[in-house]
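So the chains spell out like this:
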Amino acid sequence: MSDVLRIENLGHSYGKFKVIEDISLSIGKGEMSALIGPNGAGKTTFYNAISGHFPPTKGKVFLNGEEITGLTSHKVVDKGMCRSFQITNIFSELTVLENVIAPLIIQRGKHFKIYGNIFKDKQIVDSAMQTLEQVGLSDRADQVVANLAYGDKRLVEMAIVLARKPSVVLLDEPTAGMNPEETENMIALIKKLATGSGTTFFITEHDMKVVFSLAEKIYVLHQGHLLAQGSPEQIRSNEQVQEAYLGRKVHA
Amino acid sequence: MKLLRNRWFGPAVLTVLLLLAPLLISTYSTMILSEILIMGLMAISFNLLLGYTGLLSFGQGAFFGLGGYCAALMLQAGYQNLFLLLLVGMLISLLAALVVGFFSVRLDEIFFAMITLGFGMLFFSVAHNWLDVTGGSDGLPVFVLPSLNLFGTELTFYDPLNMYYLVFSIVLVGVVLLWLIVHSPFGLILKAMRENKQRVSFVGGNVQLLRIVAFAISGAFTGLAGVLFCLFNSMATPEFMHWSFSAKPVIMSIIGGTGVFLGPLFGAGIFFLLEQVIILFTENWMLFLGIVLVPIVIFFPQGVFGTLRNKIFREGAK
Ligand SMILES: Nc1ncnc2c1ncn2[C@@H]1O[C@H](COP(=O)(O)OP(=O)(O)O)[C@@H](O)[C@H]1O
Ligand SMILES: [Mg+2]
């Protein structure tokens, strides 16, 4: 029962169209795992169903031993799981610092406080700055996010997700749309954040290179089903996986 | 220029000007200025929703009218305490806004505008048709205005000058409170919801509840403006709740600028100025307001005040 995130027989359909089916997995504390699959495999749907974007049509989700199936997004966050989106999801016209302070205000239950200056709350500002330090944005704290480069906007979302120090972090294609240099930096950043932090990272990717360089454990999603799971070596040598679509890439 | 860019310079000058204005202008103009301040308070309250939370409410007249009727009914029943009138007016509007908000905040954009418009029309119909209580289309006249005992002197408000300073003081308090709210932690979350309500929800915020609270606060201050208008007007009429009245804070905020705190107040000023000027030439002032509105929206994308302010601040940054 030391699993941080456990998923039992999860399934989701849009109408009659079954996108994912019968997915079961469990992730231990501090693990760095990845869900891979080509575009359209159902990765985002899987995230949406476990993070409260919509309830799954089948199955159960447990976070730190507690069932969270079907809870709405803000309750899932309160339970300790926070996510990023494939398409950058941030507060564009606010400053970088405000982007990170907003989650902290909510976490400390100050979001209904209608007086006072939050920037004078040393605890919150320090905590926000510490998170910005982690992702390398502390020198841009006062900039309006809309004016940042694309890669930096993705970092802002990372900071938003990390701000509340969730026990589980879900990242939906964290390198989507990034150039090779930004991708490399992002991988390095996730590695740095994951090692020794005790935070459980679960990312989705369609880019194999990214996954094999990052994850300790890989889940392969194929046509809505979990085709295989295991260490990068196990996945690389799994015949089913090779047949399905890793194919030539791995042989080569 | 440097002084202009100080964040307190503008508001300080404005306050002094508003304090001195009645000494320099005619009684008629002083009355217009009172009305501008009342509508300015309504518009700033409205803009808490549009500019800060990203919700276009088209039913603010309901809460304005509720404040007004509350005051008229209490005065007719003999309640003469000014502060009680203001407080009860605010409270009733707050409660009504909680209910309307509860049903409305699930919707977004045009659908939110439509449902609030619908509620507004509902309130208007009640005010218009419930003869026994509201006096129907005639409205509720107020014969005795409350007075205020200030340091031993009994102030009455039949004199337009006294009325102006009453309006000025209450609007000032209301605007300062709204400023504090906008700059509070709650205010930051409102702006975050305006930017991206999904993200707020995915960092743990209950968007519906936050919106209901924003709607209720906006309603309360709109009700406060309504109480003042009832006193100023010596009357509460169903017209306060008419949809065309609800359109006023929308137009004022867009003219002045929704992105600046005081923008809607300036919008109210411009609105009344235009009305005064246009009425000199034609009866049909709404038509000409429309004609003036179009270039304003095109040439001042952030409102007149918003665009000018941005110019000043940007030049300073160079
Ligand atoms: N809201 C939706 N309604 C209907 N079908 C959808 C919806 N979202 C995604 N799909 C379909 O579900 C499948 C999986 O999509 P998605 O979960 O986005 O995959 P991935 O993230 O792995 O690329 C795709 O075929 C997609 O077209
Ligand atoms: Mg996806």
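Procedures and definitions
Residues numbered from 1 in each chain as written. Chains lettered and ligands numbered in written order. Predicted model: local features only at pLDDT ≥ 70, side-chain atom pairs only at ≥ 80, totals over all residues. Heavy atoms only, no water. UniProt positions renumbered as here; feature names shortened; annotations may be inferred. Donors = N, O, S within 2.8 Å, 3.2 Å for Na, K, Ca; no water. Helix = DSSP H or I, 4+ residues; strand = E, 2+ residues; numbered from the N terminus. 1 Å grid on protein atoms, 1.4 Å probe; cavity = no way out; pocket = protein on both sides within 12 Å on 5 of 7 lines; lining within 4 Å. Points joined across faces, edges and corners; volume = space filled by probe spheres on them. Domains from an automatic or database assignment. Near = heavy atom within 4 Å. Polar contact = N/O pair within 3.5 Å; in protein donor to acceptor, adjacent residues only side chain to side chain. Areas by Shrake-Rupley, 256 points an atom, 1.4 Å probe, with all protein chains shown as cover. Nonpolar A, V, L, I, M, F, W, Y, C, P; charged D, E, K, R; others polar.

Where an unreviewed UniProt entry is consulted, chain B appears under the name Amino acid/amide ABC transporter membrane protein 2, HAAT family, with the organism given as Malonomonas rubra DSM 5091. What UniProt states about chain B under its Subcellular location (unreviewed entry) heading is, verbatim, "Cell membrane".

Within an unreviewed UniProt entry, the label attached to chain A reads Amino acid/amide ABC transporter ATP-binding protein 1, HAAT family, and the organism entered is Malonomonas rubra DSM 5091.

A.B. asks: Mind showing me how you'd approach the coordination of the magnesium ion (ligand 2) here?
C.D. replies: Each donor-metal-donor angle in an ideal tetrahedron of four donors is 109.5 degrees, and each such angle in an ideal octahedron of six donors is either 90 or 180 degrees. Taken together, the protein ligands of the magnesium ion (ligand 2) are Thr44(A) (OG1) and Gln86(A) (OE1), with distances of 2.0 to 2.1 Å. Here Thr44(A) is found in helix 1 (residues 43-51), whereas its partner Gln86(A) is found in the loop between strand 6 (81-83) and helix 3 (96-107), with 42 residues between them in sequence.

A.B. asks: Hey, could you run me through empty space enclosed by the protein in this one?
C.D. replies: Where empty space is left becomes clear once a probe the size of a water molecule has been rolled over the atoms. Residues and elements named next belong to chain A. Taken as a whole, this structure holds 1 cavity of 30 Å³ or more when the rule is applied. One number sums up the size of the largest cavity: a volume of about 40 Å³. The wall of the largest cavity is formed by Ser84, Arg154, Glu157, Met158, Leu171, Pro174 and Met186. If you tally residues by element for the lining of the largest cavity, the top one is helix 5 (residues 150-163), at 3 residues. Shared between two domains, the lining of the largest cavity holds at least three residues of each, these being domain 1 (1-80 + 167-252) and domain 2 (89-165).

A.B. asks: Looking at this model, I keep getting lost on the site of ligand 1. Mind explaining?
C.D. replies: Residues and elements named next belong to chain A. All residues in the neighbourhood of ligand 1 are listed as Tyr14, Phe17, Val19, Pro38, Asn39, Gly40, Ala41, Gly42, Lys43, Thr44 and Thr45. Residue Gly42 places a main-chain N or O atom 3.0 Å away from an oxygen atom belonging to ligand 1. Between ligand 1 and Lys43, the relevant distance is 2.8 Å, taken from an oxygen atom to a main-chain nitrogen or oxygen of the residue. In the complex, the protein chains occlude 59% of the 560 Å² of accessible area that ligand 1 would expose alone. Secondary-structure elements contributing two or more residues to the shell around ligand 1 are strand 2 (17-28) and helix 1. The biggest single contributor to the shell around ligand 1 is helix 1, with 3 residues. For the shell around ligand 1, a count of residues per class yields 5 nonpolar, 5 polar and 1 charged.

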